[in-house]
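Okay, here's what each chain looks like letter by letter:
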Amino acid sequence: MKKFFHSAKSVNFSFFLGLLFSAGVVALTYWKPANIPWTLLSAVTVSAAFAIFSIIQIKLNRQLAHKVKELNERDFKLKKLGNAVTNSGSSIIITDELGNIEYANNKFVKTTGYCLTEIKGRSLDILNPKEAKSALEQQWEQELLFDGWEGDVLSCRKCGSSFWSAVSISSVCDSQGFVTNFVISCIDITELKEANSKMQIMALYDPLTGLANRRLFIDRLEQAVRAAKRDRKKIALMFLDLDQFKRINDTLGHDAGDILLTTVSNRLKECVREKDTVARLGGDEFTVLLTDVEDNLSVTPVAHQILRALKKPVKLKKHEVIVSTSIGITLAPTDGSTADSLMKNADLALYRAKEQGRDCYHFFTEELNASALRQLVLEQELRHALQYDEFTLHFQPQVNLRNEHVVSVEALLRWYHPTKGLVSPDAFIPVAEETGLIVPIGRWVLKNACMQMKMLQDLTGVDLKIAVNLSTRQFDDPDLEDTIADALCQTGLDPKWLELEVTESMLMGDIDLVIEKLKRLKATGVSITIDDFGSGYSSLSYLKKLPVDILKVDREFVRDIPEDLNDMEITSAVIAVAHKLNLKVIAEGVEDIDQRDFLMINKCDYAQGYFYSKPLPFEDLYQYLNNVKLAQTA
Ligand code: C2E
Ligand code: MG
Ligand code: MG
């Protein structure tokens, strides 16, 4: 069209030049100026006309050449774009204005398995799996015609398998603004989508058991609390802790621990309804959220069922183990109205269930809350006590039952509380243990016990031993050996005068590790006593493997001698077997002469108790030793 227009323009121009030339010839023919020869004038006019004509012709030719070049370049560009579309890494489809496919590129053919002839003229619906159909149809109607569209679409290959694409659709309009085509470009994002959903699962579920994790559980708890408030209903939150998990994990290995956790999670799911949530918060901590509960009474059967179900034997490798559980329960909105407060309540209730001997459940009460607050205050006061030197040591003599000579003393911690006066260790050691404060407190005890014993040895000239109690945290502390070495080195006490009292429960972990640790301690020259023997569950055959020196019979067994025949039998048997294992025996809590006589007859090596002396402050001990020494020498 444009070419025609250009050629029309040049014809008009030539016609105009012809007219101009004819007019010049006619004018010169009639005007005939007198002094210029006619032929000359004609020649000039003709030449001028031809010159102008030639110039114009050249210009037109140049314009034409330029246009041709432009057209060639445009053609080349189109080819380039065509190539880019055909070989693009994205699938590209061009449809008519109704969405019927006109063109699809190579990538599309490769991705979908359709060839162009199969889909040409067909609607885009061919690519939509049934479930995605209506959604895309709607988008097509409402949005496409106007501004184009972008989004993720689930599509279907020829073979029927589906894949996710990030799709962008843009419209092509004619000169009047009417849509003539749509260009659809799609990138396969199936892998991205899969990775994304895997990440979502990982972020919300425990990978080992498939149960909800802490994040998802808190979210569900928050929702349940809101729903309970709105519908004036109650929910119950249970915290569970497996009583022997650590021991099983340590002794049978992590694989066995994993099997146990998976079994527990399956059994828990069987104990609750579909609408309840079971979660694993980490380690052996499980939670259960029961919705729609009436009161404590309606939760109790579920707690019983869980206790029963989890106590059934579990096969771990070649072993069959029985695991009991402790459960803490709290109700919302009665006990608390936020997820945070409910979690705290359930934890407190769980703690109390464990204190009550495990294998049971306990409901949260306000008293639990108050006692937790008291513990918090106690913790702050203990920090203060450590900083301001409010601790002191009392010493209780231990005698050799052969001659009743004092051979050692046990260091027992006391706290001079600024308002409460002297506080017994039973009242604060558990809190110190739980908060980890026992480690610095224990360091203080070790150093001061060694220092005062050295002083006593120097003052009396008698070599006595000092027994120091260790707590579980201290025993597990990797710095324990250094702490002992420092205490001995700084005070100058010979290690052979230091005795460490450990309890059976501290020795129940991985036996090989415990033996290693005890050997290392003994290598420093100190001796080891097993305190409160008989109160735990270890057997004498277990102790045979441990490098210890003395067994201290728990005062529970001594208390009812000579009334309780059973206790007497146990005590005498322990003494006899311990001697066979080359261990010395000390009895604690000896309060009267009958007990002492029984122990002497049964060849118990040492005794400690009120019968000889209560625990004494340093000055009183010094006095006491002077008196007994006098008595002995008299
Ligand atoms: P334990 O090591 O078994 O200490 C013996 C406890 O029995 C002491 O109580 C002592 O006063 C008491 N006792 C001694 N003879 C008799 C008696 O004839 N009759 C009766 N009824 N009781 C007697 P205490 O001093 O209150 O200590 C209680 C526990 O606190 C200790 O039990 C020990 O487990 C812990 N403890 C004490 N001092 C320390 C310490 O420095 N570090 C650590 N980790 N624990 C300590
Ligand atoms: Mg002790
Ligand atoms: Mg004891």
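A few points on the structure. (Residues numbered from 1 in each chain as written. Chains lettered and ligands numbered in written order. Predicted model: local features only at pLDDT ≥ 70, side-chain atom pairs only at ≥ 80, totals over all residues. Heavy atoms only, no water.)

**Considerations on the overall build of the protein chain**
Step number 1: Scanning the protein chain for helices and strands turns up 22 helices and 21 strands.
Step number 2: The 634 residues of the protein chain split such that 42% are buried.
Step number 3: Counting contacts in the protein chain only where the partners sit at least 6 residues apart, residues at least 24 apart contribute 61% of the total.
Step number 4: Summing over all exposed atoms, the protein chain offers an accessible surface of approximately 35500 Å²; the carbon and sulfur share of this is 56%. (Helix = DSSP H or I, 4+ residues; strand = E, 2+ residues; numbered from the N terminus. Buried < 20%, exposed > 50% of the residue type's maximum accessible area, 1.4 Å probe, protein only. Contact = heavy atoms within 4.5 Å. Areas by Shrake-Rupley, 256 points an atom, 1.4 Å probe, with all protein chains shown as cover.)

**Here's the deal with the sheet that holds strand β4 (residues 162–173)**
Step number 1: Within the open sheet, the five strands sit side by side as β2-β1-β5-β4-β3. Their pairing is antiparallel. For this open sheet the edge positions go to β2 (101–104) and β3 (149–156), each flanked by a neighbour on one side alone. Strand-to-strand twist of the sheet, defined as the mean angle between neighbouring strand axes without regard to direction, takes the value 30°.
Step number 2: Summarising the sheet, β3 and β4 pair through eight bridges and their orientation is antiparallel. Within β4, the position partnered with valine 153 by the bridge is serine 165. (Pairing = 2+ DSSP bridges. Axes fitted to C-alpha atoms, helices over the stretch in contact; angles between N-to-C directions.)

**Here's the deal with the packing of aromatic side chains**
Step number 1: Overall, the coordinates contain seven aromatic pairs when judged by the stated rule.
Step number 2: Ring plane angle 55° and centroid distance 6.2 Å describe the contact between phenylalanine 391 and tryptophan 444, whose orientation is recorded as tilted. A residue pair is termed long-range when its members are at least 10 positions apart, and phenylalanine 391 in strand β13 (residues 391–400) and tryptophan 444 in helix α14 (residues 438–460) qualify at 53 residues.
Step number 3: An angle of 75° between the planes, with centres 6.3 Å apart, marks the rings of phenylalanine 395 and phenylalanine 618 as edge-to-face. Taken together, the positions of phenylalanine 395 in strand β13 and phenylalanine 618 in helix α22 (residues 618–633) put the pair 223 residues apart, joining distant regions of the chain. Here the two residues phenylalanine 395 and phenylalanine 618 agree in accessibility, since each one is buried.
Step number 4: Taken together, Phe391, Trp415, Phe428 and Trp444 form an aromatic cluster joined through their ring pairs.
Step number 5: One residue, lysine 193, lies across the ring of tryptophan 164, its end atom 4.3 Å from the ring centre.
Step number 6: The ring of phenylalanine 475 has lysine 517 lying over it, and the distance from NZ or CZ to the ring centre is 5.6 Å. (Phe/Tyr/Trp six-rings, centres within 6.5 Å; stacked < 30°, edge-to-face > 60°. Lys NZ or Arg CZ within 6 Å of the ring centre and 35° of its normal.)

**Points about the pattern of salt bridges**
Step number 1: Evaluated as defined, the whole model comprises 27 salt bridges.
Step number 2: The salt bridge involving arginine 280 is made with aspartate 206; its shortest N-O contact spans 3.1 Å. Remark: aspartate 206 occurs in the loop between α6 (190–204) and α7 (214–231) and arginine 280 occurs in strand β7 (residues 277–282); sequence separation between them is 74 residues. For the pair formed by arginine 280 and aspartate 206, the shared burial category is buried.
Step number 3: One salt bridge in this structure joins aspartate 458 and lysine 454, with 3.6 Å as the shortest N-O distance. With a gap of four residues between them, aspartate 458 and lysine 454 both fall in helix α14, about one helical turn apart.
Step number 4: The structure contains a network of salt bridges with shared partners spanning Glu410, Glu501, Lys552 and Glu588. (Salt bridge = Lys/Arg side-chain N within 4 Å of Asp/Glu carboxyl O.)

**Comments concerning the nonpolar core**
Step number 1: Among the nonpolar cores identified, the biggest contains 80 residues, and Ile466 and Leu498 are the most heavily contacted of them.
Step number 2: Grouped together as the second largest cluster of nonpolar side chains are 35 residues, Leu310, Val314, Leu316 and Ile327 included. (Core = buried A, V, L, I, M, F, W, Y, C linked by side-chain atoms within 4.5 Å.)

**Details of the coordination of the magnesium ion (ligand 2)**
Step number 1: Here the magnesium ion (ligand 2) is held by the protein donor atoms Glu410 (OE), Asn469 (OD1), Glu501 (OE) and Asp531 (OD), which lie 2.0 to 2.2 Å from it.
Step number 2: Between the two metals, the magnesium ion (ligand 2) and the magnesium ion (ligand 3), the spacing is 4.0 Å, and aspartate 531 donates to both. With asparagine 469 in strand β16 (residues 465–469) and aspartate 531 in strand β18 (residues 527–533), the pair connects residues that are 62 residues apart, well separated along the chain.
Step number 3: Classification of asparagine 469 as partly exposed rests on a relative accessible area of 27%. (Donors = N, O, S within 2.8 Å, 3.2 Å for Na, K, Ca; no water.)

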